[in-house]
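Structure at a glance
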Amino acid sequence: MAPTFLMTDPGHFDVSYTINPWMSPAAWTPAHARAARAGSAALSWALQAAGARVEMVPAVPGLPDLVFPANAAVVLDGVALLARFRHPERQGEEAPFRAAFETLKRRGWIDRIVELPDGLVHEGAGDALWDETRGVFWTGHGQRSDAAAAEVIARTFGRPAVALELASPHFYHLDTCFRPLSGGEVLYYPQAFTPRALAAIEARIAPADRLIATRQDAEALCVNAVCLGRTVIMARAPAELKARIEARGYTLVEVDLAPFILSGGAAFCMTLRLDLVSAPQGVPA
Ligand code: ARG
């Protein structure tokens, strides 16, 4: 299966409520809506230029954050564990995302759809990042997702989950402050984590593989990046970060995602990878 990403049509995206410190409805203008359409199209083109396919979820009026399908589900090995949202503002997304997954299942992109246990909140791949190098999920909790979801993810996918507690309201999903790259490096922003979570990171990631994001990198939401092979796609990046990533042998592609940053999201969370497998193809598990 070619690398395949879910994205959502940005036709009804705006910032009309506040559920994280980035969101200010008063700052939103019609020009942002136009720029959002251009930014989403540019991201889709960047993914396709890197060799991926893009599947689009239709926009739904009144659900602006539907443009962040990373929060729809955790997907690995053809299994989709559907999300449950913390905030009422986003709970309306659960039905259209479920419908999107049912369509993907009918079309053979997904084998099985799994529900979270009752009462548990977990916001999908935004708080569960698959690390292909280490064969583990890194999960985030403490801002949006429940800590207990780590165990459910480990059981559902039969892979270990390393639970990391998030300490900052600005970095409320793990994907805003932590990004494993295909070569084994991890780009992360230490200030977003509790001391215990940082210790868990440092216990598992060798110093040579730690790419420490600066405050400027984190505030540009550049940690929220897509990595596809040796291509890294992110929002407009500080020059030093660009140089550091390119020095590791990656091609960095920047996309202007300013309107989405006003909602607290960027490249990674505007996508959801559908074809991840726990054992690389051709290699026994
Ligand atoms: N406004 C959205 C929210 O607060 C942004 C979500 C971004 N998603 C992510 N996985 N980082 O929920």
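Preceding this paragraph is the structure being described.
Keep in mind that what you see is a predicted model, and the values were worked out from it rather than measured. (Residues numbered from 1 in each chain as written. Predicted model: local features only at pLDDT ≥ 70, side-chain atom pairs only at ≥ 80, totals over all residues. Heavy atoms only, no water.)

A short note on the pattern of salt bridges
Where side chains of opposite charge bring their charged atoms close, a pairing between them can arise. All told, the structure shown has 13 salt bridges when counted by the stated rule. Linking Asp146 and Arg86 is a salt bridge whose minimum nitrogen-to-oxygen distance equals 2.7 Å. Of the two residues, Asp146 is situated in the loop between strand E7 (136-141) and helix H4 (149-157) and Arg86 in the loop between strand E4 (79-82) and helix H2 (88-91); the sequence distance between them amounts to 60 residues. We note a salt bridge from Arg244 to Asp217, for which the minimum N-O separation is 3.2 Å. Of this pair, Arg244 sits in helix H7 (residues 239-247) while Asp217 sits in helix H6 (residues 215-219); the two residues are 27 residues apart in sequence, bridging distant segments of the chain. Overall, the relative accessible area of 31% leaves Arg244 in the partly exposed class. Of the residues examined, Asp217 reaches a relative accessible area of 3% and is grouped as buried. (Salt bridge = Lys/Arg side-chain N within 4 Å of Asp/Glu carboxyl O. Helix = DSSP H or I, 4+ residues; strand = E, 2+ residues; numbered from the N terminus. Buried < 20%, exposed > 50% of the residue type's maximum accessible area, 1.4 Å probe, protein only.)

Here's the deal with the site of the ligand
The environment of the ligand is made up of 16 residues, and the closest members are Asn20, Arg90, Arg144, Asp175 and Ser263. Between the ligand and the protein, one listed contact pairs an oxygen atom with a side-chain N or O atom of Arg144 at 2.8 Å. Between the ligand and Ser263, the relevant distance is 2.8 Å, taken from a nitrogen atom to a main-chain nitrogen or oxygen of the residue. When its residues are assigned to classes, the shell around the ligand shows five nonpolar, seven polar and four charged. (Near = heavy atom within 4 Å. Polar contact = N/O pair within 3.5 Å; in protein donor to acceptor, adjacent residues only side chain to side chain. Nonpolar A, V, L, I, M, F, W, Y, C, P; charged D, E, K, R; others polar.)

Points about the sheet that holds strand E9 (residues 178-180)
If you trace the three strands from one edge of the open sheet to the other, you get E9-E10-E11, paired in mixed fashion. The outermost strands of the open sheet, each flanked by one partner alone, are E9 and strand E11 (210-212). Averaged over all pairs of adjacent strands, the angle between their axes in this sheet comes to 20°, without regard to strand direction. As defined by bridge partners, E9 adjoins strand E10 (residues 186-188) across three bridges and the pair is classed as antiparallel. Looking at the pairing, Phe178 lines up with Tyr188 of E10. (Pairing = 2+ DSSP bridges. Axes fitted to C-alpha atoms, helices over the stretch in contact; angles between N-to-C directions.)

Here's the deal with the pairing of strand E8 (residues 161-165)
Residues Val162 and Leu164 point to one face of E8 and are all buried, whereas Ala161, Ala163 and Glu165, pointing to the other face, are not buried. Pairing analysis gives five bridges linking E7 to E8, with the strands arranged parallel. Across the sheet, Gly140 pairs through a bridge with Leu164, a residue of E8. For the crossover that starts at E7, traverses H4 and ends in the parallel E8, the hand is right-handed. (Right-handed = clockwise from strand over helix to strand, strands pointing away.)

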